[in-house]
Amino acid sequence: MLRSHRVARRSVRKSRAGFTLIELLFVLAILVVLGAMAVSTFTNTQKGADINAARGQIGIFDTQVDLYHFHTKQYPSKLEDLVEKPSASNVADRWEGPYIKGTSLPVDPWGNPYKIQAPGKKNPEGADLWSMGPDGQDGTDDDIGNWKGK
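Predicted model, so just to flag it, every value in this text is computed and none were measured.

Q: Would you explain the environment of aspartate 135 in this entry?
A: Inspection of the secondary structure puts aspartate 135 in the loop between strand S2 (128–131) and strand S3 (144–145). Take aspartate 135: its relative accessible area is 36%, and that puts it in the partly exposed class. Each C-alpha atom of the pair aspartate 135 and tryptophan 110 lies 8.4 Å from the other, and the pair is 25 residues apart in sequence. Setting aside anything within four residues of it in sequence, one finds aspartate 135 in contact with Thr140 and Asp142. In this structure the side chain of aspartate 135 is engaged in a polar contact, spanning 2.9 Å, whose partner is the backbone nitrogen of glutamine 137.

Q: Can you help me understand a nonpolar patch on the surface in this one?
A: Together, Phe26, Val27, Ile30, Leu31, Val33, Leu34 and Met37 make up a nonpolar patch on the protein surface, roughly 690 Å² of accessible area in all. Within the secondary structure layout, valine 33 lies in helix H2 (residues 21–72). Its relative accessible area of 49% is what places valine 33 among the partly exposed residues.

Q: Where do I start with the nonpolar core in this structure?
A: With 18 residues, the main nonpolar core has Phe61, Val65, Leu79, Leu82 and Leu129 as its most contacted residues. Considering each element in turn, this core owes the most residues, 5 residues, to H2. Those residues in contact with phenylalanine 61, other than ones at most four positions away along the chain, are Leu79, Leu82, Ile100, Leu105, Pro106, Tyr114 and Leu129.

Q: Is there a simple way to explain the packing of aromatic side chains in this structure?
A: Pairs of aromatic rings are described using the distance from one ring centre to the other and the angle between the two planes. The tally for this structure, following the rule as stated, stands at 4 aromatic pairs. Ring geometry for phenylalanine 61 against tyrosine 114: centres 5.1 Å apart, planes inclined by 75°, an arrangement best described as edge-to-face. Of this pair, phenylalanine 61 sits in helix H2 while tyrosine 114 sits in the loop between helix H3 (89–92) and strand S1 (115–117); the two residues are 53 residues apart in sequence, bridging distant segments of the chain. Residue phenylalanine 61 is classed as buried on the basis of its relative accessible area of 1%. Note on tyrosine 114: relative accessible area 9%, which makes it buried.

Q: Quick question: what am I supposed to make of the sheet that holds S3 here?
A: Note: strands within a sheet are paired through backbone hydrogen bonds, in either parallel or antiparallel orientation. In space, the 3 strands of this open sheet follow the order S1-S2-S3, with antiparallel pairing throughout. In this open sheet, the two edge strands, each paired with only one partner strand, are S1 and S3. Where S2 meets S3, 2 bridges bridge the pair, whose relative direction is antiparallel. From the neighbouring strand, tryptophan 130 faces S3, where its bridge partner is glycine 145. In the packing of H2 onto the sheet, the strands contacted are S1, S2 and S3, and the crossing angle to S2 comes to about 155°.

Q: I tried to follow the pattern of salt bridges on my own but got confused; where do I start?
A: Side chains that carry opposite charge are capable of pairing whenever their charged atoms lie near each other. Within the structure shown, the criterion is met by 1 salt bridge. Two residues, lysine 78 and aspartate 81, come together in a salt bridge whose shortest N-O distance is 3.1 Å.

What counts, and where the lines are drawn
- Residues numbered from 1 in each chain as written.
- Predicted model: local features only at pLDDT ≥ 70, side-chain atom pairs only at ≥ 80, totals over all residues.
- Heavy atoms only, no water.
- Helix = DSSP H or I, 4+ residues; strand = E, 2+ residues; numbered from the N terminus.
- Buried < 20%, exposed > 50% of the residue type's maximum accessible area, 1.4 Å probe, protein only.
- Contact = heavy atoms within 4.5 Å.
- Polar contact = N/O pair within 3.5 Å; in protein donor to acceptor, adjacent residues only side chain to side chain.
- Patch = residues over 30% accessible without salt bridge, like charges linked within 9 Å, V, L, I, M, F, W, Y side chains within 5 Å.
- Areas by Shrake-Rupley, 256 points an atom, 1.4 Å probe, with all protein chains shown as cover.
- Salt bridge = Lys/Arg side-chain N within 4 Å of Asp/Glu carboxyl O.
- Core = buried A, V, L, I, M, F, W, Y, C linked by side-chain atoms within 4.5 Å.
- Phe/Tyr/Trp six-rings, centres within 6.5 Å; stacked < 30°, edge-to-face > 60°.
- Pairing = 2+ DSSP bridges.
- Axes fitted to C-alpha atoms, helices over the stretch in contact; angles between N-to-C directions.

This is the structure we're talking about:
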């Protein structure tokens, strides 16, 4: 009887020694769902960070464009005028730049150049500054400019 009891315990241990295929698939499915949720959260966070970075850079440009206007009495025709001295003598004599550090202008988080229009269509008393946004297309709903939020 003692021997049959030991054999019975061994067979129970052998059947409970590992995980079943169903249990492993269930755990794997849970891990896939959690991974998908993490990727989704990270993607949305990155998109929001890129938009906020573009807004911040536009805010810096806006301030520097106003300073350029204060010194030269006109708005720059292109953003490069904030870095390089304009060739027109009436502006060059009053130019006190560079207004942006570095030898070139930064690009937006999507690798596209920022845009300027003066006088602005949305800011007729000043200049419009904008990024073409995530889609890289000018004039679409995802453009980020200094006119939004005012």
